[in-house]
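Observations on the three-dimensional arrangement
Residues per chain are reported as follows:
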Amino acid sequence: MREHDSEPAPRGRSGKRRFDDDDPQFLKRARHRTPVAFDTNADTDVPETGDAWSTWDDALHGPLPRPDWVVTELAAVDVELGILKTGKEADVYLVRRGIPDTDRSCLLAAKRYREPEHRMFHRDAGYLEGRRVRRSRENRAMSGRTSFGRQLIAGQWAAAEFDALSRLWEVATSYGAISVPYPVQLRGTELMLEFIGDAAEGLAAPRLAQLRPEPAELKSLWDQLLDALTVLARAGFAHGDLSPYNLLVHDDRLVVIDLPQVIDVIANPNGPALLARDVKNVTTWFAARGLPQDHDEITRRLLDEAGVR
């Protein structure tokens, strides 16, 4: 079984860590991360209880040290409990992974990117700048949006989200200041993530957009968000699609989710503009609820943290 790659990522001219394209091991690792057409409902070996055997042994695993709640035993089975979210690029399902006849189990959010013919890559060109594979055949396929190229793009998005969550989890473990779901595993274009919410009831945590917080809570949430944006910027990155709809609030903790389009602010020529848009989206929401912020000043500070001059 393979664990998440632990070697440090190479650094660019600003000294910041990089994703995918600047990592000489990326193509090698990507062979294990390119989307594979597998049937999650295949019944060739169905357990007596549950919907399917755990896919842990057939996946790329999240960073160490692994949380104690993660079920890694090969005797575990997965039971689908329903859908948590539908989207243009992926659907998220609630899955219970457990060992039959024991109390050993955990809830997971299974994010499954759609098959190429059912996905809507209407926004991907700007995000994928600076995250290109080096092989001309693959680049031509991606540029031409062939079926093969769209499959490659799906694989890049899945791998980028897995890498982003893995690295940010490691940062959070060491320094705090940002909360993300633990990335349990990546298999094909399916990500198994920590379920954020009420595990006893199977209720997902509310999105920030759903809340009407009191002034003290609003200020706490803003402080957490600014810390998270700063952590991302210091690593050289921006969320790329940040809004109150991909921020969860659980037990007064702000959790950043949905990171497939994570942006390298320096390598991607659209990076500064996308970071500015992230800031605008969230400051607008907080201002509408009585906590105005200086969008331009915050953007300048974050770009400075990212090493953009």
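Details of the structure are given in the entry above.
Residues numbered from 1 in each chain as written. Predicted model: local features only at pLDDT ≥ 70, side-chain atom pairs only at ≥ 80, totals over all residues. Heavy atoms only, no water.

Relative to the elements of secondary structure, Pro63 occurs in the loop between strand S2 (60-61) and strand S3 (77-86). Under the relative-accessibility criterion, Pro63 is labelled buried at 1%. Put simply, Pro63 and Ser166 are 103 residues apart on the chain and 5.9 Å apart in space, counted from C-alpha to C-alpha. (Helix = DSSP H or I, 4+ residues; strand = E, 2+ residues; numbered from the N terminus. Buried < 20%, exposed > 50% of the residue type's maximum accessible area, 1.4 Å probe, protein only.)

Further remarks concern the sheet that holds strand S4 (residues 90-98). Strand order in this open sheet of 7 strands is S1-S3-S4-S5-S7-S6-S2, and the pairing throughout is antiparallel. Two strands close off the open sheet at either side, each with one partner strand: strand S1 (52-53) and S2. Sheet topology note: the S2/strand S6 (residues 183-187) ladder contains 2 bridges and is antiparallel. Across the sheet, His61 pairs through a bridge with Gln185, a residue of S6. (Pairing = 2+ DSSP bridges.)

Our next topic: the packing of aromatic side chains. Per the stated rule, a full pass over the model turns up 4 aromatic pairs. Ring centres of Trp222 and Phe286 lie 5.2 Å apart, and the angle between their planes is 70 degrees; this geometry places the pair in the edge-to-face category. Linking Trp222 in helix H5 (residues 215-234) with Phe286 in helix H6 (residues 271-288), this pair joins segments that are 64 residues apart in sequence. Take Trp222 and Phe286: they sit in the same class, and that class is buried. With a centroid separation of 5.0 Å and 80 degrees between ring planes, the pair formed by Trp285 and Phe286 is classed as edge-to-face. You can call Trp285 buried: its relative accessible area is 8%. Joined through ring pairs, the aromatic side chains of Trp69, Trp169 and Tyr182 make up one cluster. In this structure, Arg112 packs its charged tip against the face of Tyr93, placed 4.7 Å from the ring centre. (Phe/Tyr/Trp six-rings, centres within 6.5 Å; stacked < 30°, edge-to-face > 60°. Lys NZ or Arg CZ within 6 Å of the ring centre and 35° of its normal.)

Positionally, Pro183 belongs in strand S6. Taking relative accessible area as the criterion, Pro183 reaches 0% and is therefore assigned buried. Distance in space between the C-alpha atoms of Pro183 and Leu193 is 4.6 Å, their sequence separation being 10 residues. What Pro183 contacts, discounting residues up to four positions off in sequence, is Gly62, Pro63, Phe162, Leu165, Ser166, Trp169, Met192 and Leu193. (Contact = heavy atoms within 4.5 Å.)

Most of S4 is tucked away: 7 of the 9 residues are buried. Bridge count for S3 against S4 is 8 bridges, and the pairing is antiparallel. Directly across from Val77, in S4, lies its bridge partner Gly98. The hairpin turn running from S3 into S4, its antiparallel successor, is 3 residues long. When S4 meets strand S5 (residues 105-113), the two strands line up antiparallel, connected through 9 bridges. Within the sheet, the bridge partner assigned to Leu94 lies in S5 and is Ala109.

Residues Asp198, Glu201, Asp251 and Asp252 make up a contiguous surface patch of negative charge. Among the secondary structure elements, Asp251 is positioned in the loop between strand S11 (247-250) and strand S12 (253-256). (Patch = residues over 30% accessible without salt bridge, like charges linked within 9 Å, V, L, I, M, F, W, Y side chains within 5 Å. Areas by Shrake-Rupley, 256 points an atom, 1.4 Å probe, with all protein chains shown as cover. Salt bridge = Lys/Arg side-chain N within 4 Å of Asp/Glu carboxyl O. Lys, Arg positive; Asp, Glu negative; His and termini not counted. Charge placed at Lys NZ, Arg CZ, Asp CG, Glu CD.)

This part takes up H5. Between the first and last C-alpha of H5 there are 29 Å, a value that for 20 residues agrees with the 28 Å anticipated at 1.5 Å per step. When H5 is considered as a whole, its buried residues turn out to be Leu218, Leu221, Trp222, Leu225, Leu226, Ala228, Leu229, Thr230, Val231, Leu232 and Ala233. Positive phi appears at Gly236, one or two residues downstream of H5, with a value of about 90 degrees. (Expected span 1.5 Å × (residues − 1).)

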